[in-house]
Amino acid sequence: MEYEAVIGLEIHVELQTDSKIFCGCSTAFGAEPNTNCCPGCLGLPGTLPLLNRRAVEYGVLAALALNCQVQEKSIFARKNYFYPDLPKAYQISQDDYPLARGGYLEIDLPEGSRRINLQRAHLEEEAGKLVHAGDSIMSAAYSLVDYNRAGVPLLEIVTEPEITSGREARLFLEELRRLLRYTGVSDVKMEEGSLRCDANLSLRPAGSSELGTRTEVKNLNSFRAVEQALNYEAERQARILAGGGEVIQATCHWDDSCKATVVMRMKEGAADYRYFPEPDLPPLLLERSYIEALKEKLPELPRQKRQRLRERYGLDDEEAAIIADTREMADFFECAAESYQDHRNLANWVQGDLIYQLREAGKEIEQISPALLVELLEMLDRGEINRPVAKELLEEMVKSGASPRRLVKKRGLGKISGTEELAPLVEQVITENPEAAENYRRGKKKALAFLVGKVMALTRGRADPQELNRLFKEKL
Amino acid sequence: MAADEAIGEREMDELAELACLYLEPAEKKMLNRRLNALMELLGKIGEVETGGVEPDIHPGILPPRFREDEVEPSLSPGRVFQNSAHRSDSFFRVPSIAGEGPGGA
């Protein structure tokens with residue numbers, strides 16, 4: 001039987017506030033363990049939460065960017081469970097009355113765009129971080145806990161179960177990360193855990209509308225892991241069903257080194273969390289005008305930006321996607337495009353050599369002035385330098401921030417042209433390579449390229465090859 | 001145990017497990033009795049006609065209170081670990097969690 005996968009994602013996004021959601025402890029990543037803790041973070045009796053205004057603002061901004069209906073009234077609730085990363089034995093979260101409902105995100109697939117609908121987005125606090133002593137989580141002798149992370153604000157985003165493959169899940173997450181980065185509410189770094197994803201996956205006979213028994217997959221620490229783990233889990237379940245077996249509701253852990261999911265525990269139902277309204281926090285009431293004002297603050301989002309780049313600058317899909325990957329890259333491009341008219345050429349340099357050089361130099365696009373790239377391209381267009389020199393200058397420009405024009409002057413990298421300068425070099429090369437010169441005279445056209453190459457090598461690529469061709473032909 | 005009681009033996013066991021409590025049979029019986037008395041009271045409240053009334057989630061009618069996003073000093077390490085019996089360097093040390101509890105934010 002043919003099966004199709006039904007996947008829903010739960011995404012946790014750490015909001016980029018300076019202080020935690022319910023207290024004033026710092027949210028700085030990488031601090032010495034257990035140094036950003038107060039009695040509230042440690043769950044000591046008698047402490048009370050007080051909501052961080054910016055956490056709400058960021059949550060609302062993200063929800064609006066995701067086309068959610070932000071609720072004028074939402075309620076914090078206690079989610080009760082015993083686990084060492086949760087010192088109060090409950091997490092302040094939201095249950096029946098989340099911050100936002102509905103919403104969607106569109107992703108681009110080879111066969112066209114697809115809308116993935118969202119169930120909800122709600123605010124909650126982070127749990128602490130567990131470090132497992134030993135080789136793996138399953139064999140650890142004991143665990144170590146760092147409560148620095150406890151209380152960092154989180155936005156949990158839940159999709160409808162309508163993703164159909166690991167690939168789609170990955171594309172969804174990549175677009176989500178791009179969108180959230182545009183809004184500035186999170187640094188969305190999967191490697192630092194500020195963007196995390198759990199997935200629910202079940203199989204059903206192709207074309208059926210019933211939902212099968214699902215498993216939850218955790219420990220998805222990269223986009224690649226999401227894709228691989230979900231594809232693996234879909235195959236695992238398909239093998240069980242094909243063998244006449246039954247999928248058991250469970251939580252699985254993705255083991256990235258073995259490229260396999262490992263069943264960790266039988267899943268308990270949602271009712272086990274015994275949610276109830278948080279008595280220490282009043283309902284979160286938001287005025288419609290406040291929500292509307294935040295909507296006005298939203299920047300142009302990736303999808304709109306890509307479309308505008310295509311329409312306004314004539315870029316193709318791929319160019320627009322690369323340049324609109326970050327707001328900063330798009331800003332750079334648009335700033336340069338104001339004074340440089342060959343937009344396709346500009347896009348070509350930005351998406352190719354410039355991005356490569358930035359990566360090599362470990363620099364960010366914001367550290368480079370668009371005017372310098374324009375200066376470089378104009379010198380190239382006017383024939384003042386040739387392409388290899390332009391690439392060399394770009395590398396130096398990215399490293400030091402120096403003006404390409406000044407670099408050319410300083411290093412004497414300008415193009416060498418004119419008979420006066422080139423003729424002696426042509427003479428020299430003919431004298432040093434009599435065989436090649438003779439071959440050309442006898443009609444071997446290839447010998448010319450060899451001779452021109454010799455002069456290019458002598459001038460480190462600065463000579464004008466067309467002029468060299470002419471000079472050699474005259475001489476020989 | 002009467003058949004109409006809200007919390008039977010199975011529910012009692014489940015509650016004890018969720019609360020991580022080990023109960024002696026006598027304790028279980030006593031708590032069961034008390035919980036059912038509570039449930040009876042709640043049942044009476046449930047008889048009140050509340051159709052169309054929006055539930056009051058919170059007793060106080062408070063205006064929303066916020067704190068500004070400003071970092072305040074945290075506790076010193078000495079104070080953080082003051083009541084902890086199990087410490088490894090700057091971490092709290094706990095039994096291995098593999099295979100237990102629901103976990104996760």
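These numbers were taken from a predicted model, which means no experiment stands behind them.

Our focus in this paragraph is the overall build of chain A. Broken down by element type, chain A carries 15 helices and 18 strands. Its C-alpha atoms give chain A principal-axis dimensions of about 95 × 55 × 45 Å. Burial analysis of chain A (476 residues in total) assigns 52% to the buried set. Counted over contacts in chain A with a minimum sequence separation of 6, partners at least 24 positions apart contribute 70%. About 21900 Å² of surface is accessible on chain A, with carbon and sulfur atoms providing 47% of the total. Charged side chains in chain A number 64 positive and 76 negative. The centres of these two groups are separated by 4 Å.

Right, let's get into the overall build of chain B. The secondary structure content of chain B amounts to three helices and three strands. Taken from N to C terminus, the helices and strands of chain B fall in the order α-α-β-α-β-β. Restricting to contacts in chain B with at least 6 residues of sequence separation, those with at least 24 account for 28%. Looking at chain B as shown, the accessible area adds up to about 8100 Å², and 55% of this sits on carbon and sulfur atoms.

To continue, consider the interface of chain A and chain B. Counting residues at the interface gives 69 residues for chain A, matched by 39 residues for chain B. Here chain A and chain B share an interface that buries about 4600 Å² over both sides, 61% of which is from carbon and sulfur atoms. Between Asp69 of chain B and Arg54 of chain A there is a salt bridge, with the nearest N and O atoms lying 3.1 Å from each other. On the surface where chain A and chain B come into contact, there are 17 residue pairs in polar contact (both at pLDDT 80 or more). Only β2 (51-52), α1 (53-65), β10 (129-132), β11 (142-146), β12 (153-159), β16 (260-266) and β18 (284-285) of chain A provide two or more residues apiece to the side of chain A that touches chain B. Examining the composition of the side of chain A that touches chain B, we find that five residues originate from one element, β11 of chain A, more than from any other. Its residues placed into classes, the side of chain A that touches chain B shows 39 nonpolar, twelve polar and 18 charged. Taken together, the two bridges between β2 of chain A and strand β1 (residues 66-67) of chain B define a ladder with parallel strand orientation. Within the sheet, the bridge partner assigned to Asn52 of chain A lies in β1 of chain B and is Arg67 of chain B.

This paragraph deals with the sheet that holds strand β3 (residues 91-95) of chain B. Taken in spatial order, the four strands of this open sheet run β10(A)-β11(A)-β3(B)-β2(B), and their pairing is antiparallel. If you trace the sheet from one side to the other, it starts and ends with β10 of chain A together with β2 (87-88) of chain B, each paired once. The pairing of β11 of chain A with β3 of chain B spans four bridges and is classified as antiparallel. Paired with Val145 of chain A across the strands is Phe92 of chain B, a residue of β3 of chain B.

Turning our attention to the packing of α1 of chain A against helix α4 (residues 288-297) of chain A. All names here are of chain A. The interhelical angle for the contact between α1 and α4, taken along N-to-C directions, is 65°, at an axis separation of 9 Å. As judged from the angle between their axes, α1 and α4 are roughly perpendicular. For the element pair α1 and α4, the recorded crossing hand is right-handed. Here Val56, Glu57, Val60, Leu61 and Leu64 of α1 lie close against α4, whose contacting residues are Tyr290, Ile291, Leu294, Lys295 and Lys297. Tallied by class, residues from the contact of α1 with α4 come to seven nonpolar, no polar and three charged.

Now for the nonpolar core. All names here are of chain A. Counting 105 residues, the largest nonpolar core has Leu9, Ile11, Phe172, Phe333 and Leu373 as the members making the most contacts within it. With nine residues, the top contributor of residues to this core is α1. Inspection of this core shows a minimum of three residues originating in each of domain 1 (3-293) and domain 2 (300-411). Sequence-distant contacts of Leu373, defined by excluding residues within four places in its chain, comprise Phe332, Leu346, Val350, Leu354, Leu394 and Met397. In this structure, Ala437, Val452, Met456 and Leu468 belong to the second largest nonpolar core, which totals 19 residues.

A few words on a negative patch on the surface. Taken together, the side chains of Glu328, Asp331, Glu364 and Glu366 of chain A make up a negatively charged region of the molecular surface. The exposure class of Asp331 of chain A is partly exposed, given its relative accessible area of 43%.

Read from one edge of the open sheet, three strands run β6-β5-β17 (chain A), paired in antiparallel fashion. Looking at the sheet topology across the chains shown, the edges are occupied by β6 (90-94) and β17 (276-277) of chain A.

A contiguous nonpolar patch, built from Met39, Leu42 and Ile45 of chain B and spanning about 290 Å² of accessible area, is present on the exposed surface. Overall, the relative accessible area of 35% leaves Met39 of chain B in the partly exposed class.

Next up on the list: the pattern of salt bridges. Residues and elements named next belong to chain A. By the definition in use, this model includes 44 salt bridges over all chains. Residues Glu175 and Arg306 are paired through a salt bridge, measuring 3.0 Å at the closest nitrogen-oxygen approach. You can see Glu175 sitting in helix α2 (residues 166-183) and its partner Arg306 sitting in helix α5 (residues 302-313), a full 131 residues away along the chain. The exposure classification of Glu175 matches that of Arg306, with both residues buried. When salt bridges that share partners are traced, they join Glu106, Asp108, Arg115, Glu175, Arg178, Arg303, Arg306 and Asp325 into one network.

The next thing to look at is the domain arrangement of chain A. All names here are of chain A. We note that the domain assignment places domain 1 (3-293), domain 2 (300-411) and domain 3 (419-475) within chain A. A separation of 37 Å is found between the C-alpha centroids of domain 1 and domain 2. Every contact between the two is made by ten residues of domain 1 and, on the other side, ten residues of domain 2. Applying the counting criterion to the domain 1 and domain 2 interface returns five residue pairs in polar contact (both at pLDDT 80 or more). Counting only elements with at least two residues in the side of domain 1 that touches domain 2, the list comes to β8 (104-109) and α2. For the side of domain 1 that touches domain 2, the per-class residue count stands at three nonpolar, two polar and five charged.

Turning our attention to the state of the cysteines. Residues and elements named next belong to chain A. Counting across every chain of the model gives zero disulfides over all chains. Unpaired in this structure, Cys25 has its nearest cysteine sulfur neighbour in Cys38, at a distance of 3.7 Å. Here Cys25 falls in the buried class, since its relative accessible area comes to 1%. Residue Cys252 stays outside any disulfide, its sulfur separated by 14 Å from that of Cys197, the closest cysteine. Taking relative accessible area as the criterion, Cys252 reaches 0% and is therefore assigned buried.

Here is what the cut-offs are and how they apply
- Residues numbered from 1 in each chain as written.
- Chains lettered and ligands numbered in written order.
- Predicted model: local features only at pLDDT ≥ 70, side-chain atom pairs only at ≥ 80, totals over all residues.
- Heavy atoms only, no water.
- Helix = DSSP H or I, 4+ residues; strand = E, 2+ residues; numbered from the N terminus.
- Buried < 20%, exposed > 50% of the residue type's maximum accessible area, 1.4 Å probe, protein only.
- Contact = heavy atoms within 4.5 Å.
- Areas by Shrake-Rupley, 256 points an atom, 1.4 Å probe, with all protein chains shown as cover.
- Lys, Arg positive; Asp, Glu negative; His and termini not counted.
- Charge placed at Lys NZ, Arg CZ, Asp CG, Glu CD.
- Buried area = accessible area lost by both parts, 1.4 Å probe.
- Salt bridge = Lys/Arg side-chain N within 4 Å of Asp/Glu carboxyl O.
- Polar contact = N/O pair within 3.5 Å; in protein donor to acceptor, adjacent residues only side chain to side chain.
- Nonpolar A, V, L, I, M, F, W, Y, C, P; charged D, E, K, R; others polar.
- Pairing = 2+ DSSP bridges.
- Axes fitted to C-alpha atoms, helices over the stretch in contact; angles between N-to-C directions.
- Parallel < 35°, antiparallel > 145°, perpendicular 65-115°, else oblique.
- Left-handed = near helix turned anticlockwise from the far one by under 90°.
- Core = buried A, V, L, I, M, F, W, Y, C linked by side-chain atoms within 4.5 Å.
- Domains from an automatic or database assignment.
- Patch = residues over 30% accessible without salt bridge, like charges linked within 9 Å, V, L, I, M, F, W, Y side chains within 5 Å.
- Disulfide = S-S within 2.5 Å.

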